[in-house]
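The residues making up each chain are set out below.
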Amino acid sequence: MMNATTRLADRVKLKDAHLITRMTDIAEGLADVIKLGRGDPDLDTPAHIIKAGQDALGNGATHYTHPLGLPALRQAIAANISAYGGATYAPENIVVTPGGQHAMFIIALALLNPGDEILVPCPGYNPYHQAAEMAGAETVHIRMTMETNFTLTAEMVEAHITPRSKILVLINPSNPTGTVTPPSEVRRIAEVARKHDLIVISDEIYARLTYGNNTVQPVASLPGMFERTITLSGLSKAYAMTGWRIGYFAGPPDLIPALAEINHAFAISTAAASQHAAIAALTGPQDCVEEMRQIYDARRIALCAGLTEMGIPYAEPQGAFYVYANVASTGIGATAFCERLLREGQVLMYPGGIYGDYTDDFVRMSLTQPVERIREAITRMKTVVAAIRAEAA
Ligand SMILES: Cc1ncc(COP(=O)(O)O)c(C=O)c1O
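Attention in this report is confined to the structure presented alongside it.

### A few points about the site of the ligand
Here is step 1 of the chain: By nearness alone, 13 residues border the ligand, and G99, G100, Q101, G234 and S236 come closest of all.
Here is step 2 of the chain: Looking at the shell around the ligand residue by residue, the classes come out as three nonpolar, nine polar and one charged.

This is the structure:
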């Protein structure tokens with residue numbers, strides 16, 4: 001009799017329930033949990049976007065759409081990309097997908113042969129690693145540290161290049177660290193990509209959510225980069241639309257037809273009503289994005305102040321809506337810390353290992369609760385940290 005391990009295909013590496021699933025199960029059994037786990041905004045999708053989706057359903061948007069996505073949506077995406085300093089894309093070079101995460105798998109399956117290497121920042125959003133694994137490719141982790149605020153540099157990329165290097169992933173702003181790679185460094189990284197003939201997947205899904213003076217330089221609009229860059233993004237984060245499942249990728253004309261075909265095989269098309277809502281999001285008033293950005297900024301400031309008070313170091317969050325903090329001083333490891341904090345303090349956050357961190361020192365906290373709840377989370381954290389420190393003393 002075959003057991004599950006022998007029935008599963010060799011390419012499946014994770015054979016048990018994911019830590020996120022296990023922690024969610026624990027949280028379900030507890031009362032009054034403060035959820036700083038998933039990167040899913042607590043804020044509702046703005047009302048005019050919801051209405052557009054509802055109206056679309058009433059008006060018969062209940063069918064498949066064009067396989068690449070509604071032409072009006074692809075036009076709106078093209079206009080949005082260029083309005084924020086990105087490249088000029090023709091609508092036929094944009095593919096709408098059921099979320100940006102889905103796009104990662106399409107791109108990996110279309111571009112990576114077994115044995116090819118994909119360079120991924122570490123820590124960095126983990127599905128890139130899983131997508132490469134499914135394609136039989138090798139993930140080369142570029143380790144970053146808090147000393148440089150987890151900033152990826154051209155030198156770090158170059159040090160990891162081999163004759164098999166094919167793709168570089170740039171996640172800017174970064175999940176989980178909240179780092180924004182400065183525009184000057186993005187230009188230097190682009191030069192390395194050109195020199196070594198790399199394709200760049202530029203994940204710009206958090207690009208509209210930056211703080212202070214930080215800004216994001218889109219990769220595809222840099223000299224010589226359009227033909228070697230796939231821009232990956234979506235509406236989940238900037239418009240609080242995670243549940244609508246709208247992502248997209250845009251790239252050079254020679255690659256898009258093949259990638260679009262794989263997307264068609266996987267998804268046929270993205271939900272029609274969601275696409276109509278996305279048109280409203282991109283073509284309607286944009287103050288909702290700025291309002292949400294300011295809300296995250298206030299939460300970010302409150303959370304960082306609490307961590308500083310506790311003596312817990314963190315990377316400066318320059319974008320996205322996460323704070324990445326070093327809990328090594330608790331002495332029990334970030335994974336154990338997250339479990340204790342959840343069980344004893346009813347605060348949910350994730351250890352950095354989920355995001356491919358090579359240490360068990362960090363936790364990622366999402367800014368997905370109001371300021372008062374974040375302050376309450378800090379109070380609970382203080383109690384649990386004090387209990388752990390007292391045990392060790
Ligand atoms: C860096 C990054 N890229 C892409 C995604 C995918 O988001 P979605 O599939 O909702 O578009 C996420 C989600 O957390 C992310 O953090």
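Next, the rest of the story.
### A few points about the sheet that holds strand β9 (residues 322-326)
Here is step 1 of the chain: Strands sit in the order β9-β12-β11 across an open sheet of three strands; the sheet is antiparallel. Looking at the sheet topology across the chains shown, the edges are occupied by β9 and β11 (350-351).

### Details of the packing of helix α5 (residues 100-111) against helix α9 (residues 256-267)
Here is step 1 of the chain: Interaxial distance between α5 and α9 falls to 9 Å at its minimum, and their mutual angle equals 125 degrees. As far as their axial angle goes, α9 and α5 are oblique. For the pair α5 and α9, the crossing hand works out as right-handed. On α9, the residues that touch H102, I106, I107, L109 and A110 of α5 are A258, L259, I262, N263, F266 and A267.
Here is step 2 of the chain: By residue class, the composition of the contact of α5 with α9 is nine nonpolar, two polar and no charged.

### Examining unusual backbone geometry
Here is step 1 of the chain: In this structure, P123 follows C122 across a cis peptide bond, with omega equal to 0 degrees.
Here is step 2 of the chain: As for its position among the elements, P123 is in the loop between β3 (117-122) and α6 (127-134).
Here is step 3 of the chain: A cis amide bond links N172 to the next residue, P173, at an omega of -5 degrees.
Here is step 4 of the chain: Relative to the assigned elements, P173 resides in the loop between β5 (165-171) and α8 (183-195).
Here is step 5 of the chain: You will see that A240, though not glycine, has its phi angle at about 50 degrees, which is positive.
Here is step 6 of the chain: Its place among the elements puts A240 in the loop between β7 (229-234) and β8 (247-250).

### Here's the deal with α6
Here is step 1 of the chain: For α6, the set of buried residues is Y128, H129, A131 and A132. The buried residues of α6 occupy an angular sector of 160 degrees when the element is viewed end-on, so they sit on one face.
Here is step 2 of the chain: Structurally, α6 contributes buried residues whose contacts are with α5, β3, β4 (138-143) and β5.
Here is step 3 of the chain: Positive phi shows up at G136, right after α6, with a value of about 75 degrees.

### Re the sheet that holds β7
Hydrogen bonds between backbone atoms are what pair the strands of a sheet, whose relative direction is either parallel or antiparallel.
Here is step 1 of the chain: Pairing is mixed across the open sheet formed by seven strands, whose spatial order is β2-β8-β7-β6-β5-β3-β4. Both outer strands of the open sheet, β2 (94-97) and β4, are each paired with one neighbouring strand and no more. The sheet shows a mean angle of 20 degrees between the axes of neighbouring strands, direction not considered.
Here is step 2 of the chain: In terms of strand pairing, strand β6 (residues 199-203) meets β7 through four bridges, oriented parallel. When the sheet's bridge partners are listed, V200 is paired in β7 with T229.

### Observations regarding the nonpolar core
Here is step 1 of the chain: The biggest cluster of nonpolar side chains holds 121 residues, and the ones touching the most others in it are I107, A108, V169 and V363.
Here is step 2 of the chain: Counting the residues that make up this core, at least three belong to each of domain 1 (4-45 + 287-392) and domain 2 (47-283).

### Some remarks on the pairing of β4
Here is step 1 of the chain: Examined bridge by bridge, β3 and β4 share six bridges and lie parallel to one another. Its bridge partner lying in β4, C122 is registered against R143.
Here is step 2 of the chain: Handedness of the β-α-β unit built from β3, α6 and β4 comes out right-handed.

About the cut-offs
- Residues numbered from 1 in each chain as written.
- Predicted model: local features only at pLDDT ≥ 70, side-chain atom pairs only at ≥ 80, totals over all residues.
- Near = placed C-beta within 6 Å.
- Nonpolar A, V, L, I, M, F, W, Y, C, P; charged D, E, K, R; others polar.
- Pairing = 2+ DSSP bridges.
- Helix = DSSP H or I, 4+ residues; strand = E, 2+ residues; numbered from the N terminus.
- Axes fitted to C-alpha atoms, helices over the stretch in contact; angles between N-to-C directions.
- Parallel < 35°, antiparallel > 145°, perpendicular 65-115°, else oblique.
- Left-handed = near helix turned anticlockwise from the far one by under 90°.
- Contact = placed C-beta atoms within 7 Å.
- Buried ≥ 20, exposed ≤ 12 C-beta atoms within 10 Å, placed from the backbone.
- Arc of directions from axis to C-beta.
- Core = buried A, V, L, I, M, F, W, Y, C linked by C-beta atoms within 7 Å.
- Domains from an automatic or database assignment.
- Right-handed = clockwise from strand over helix to strand, strands pointing away.

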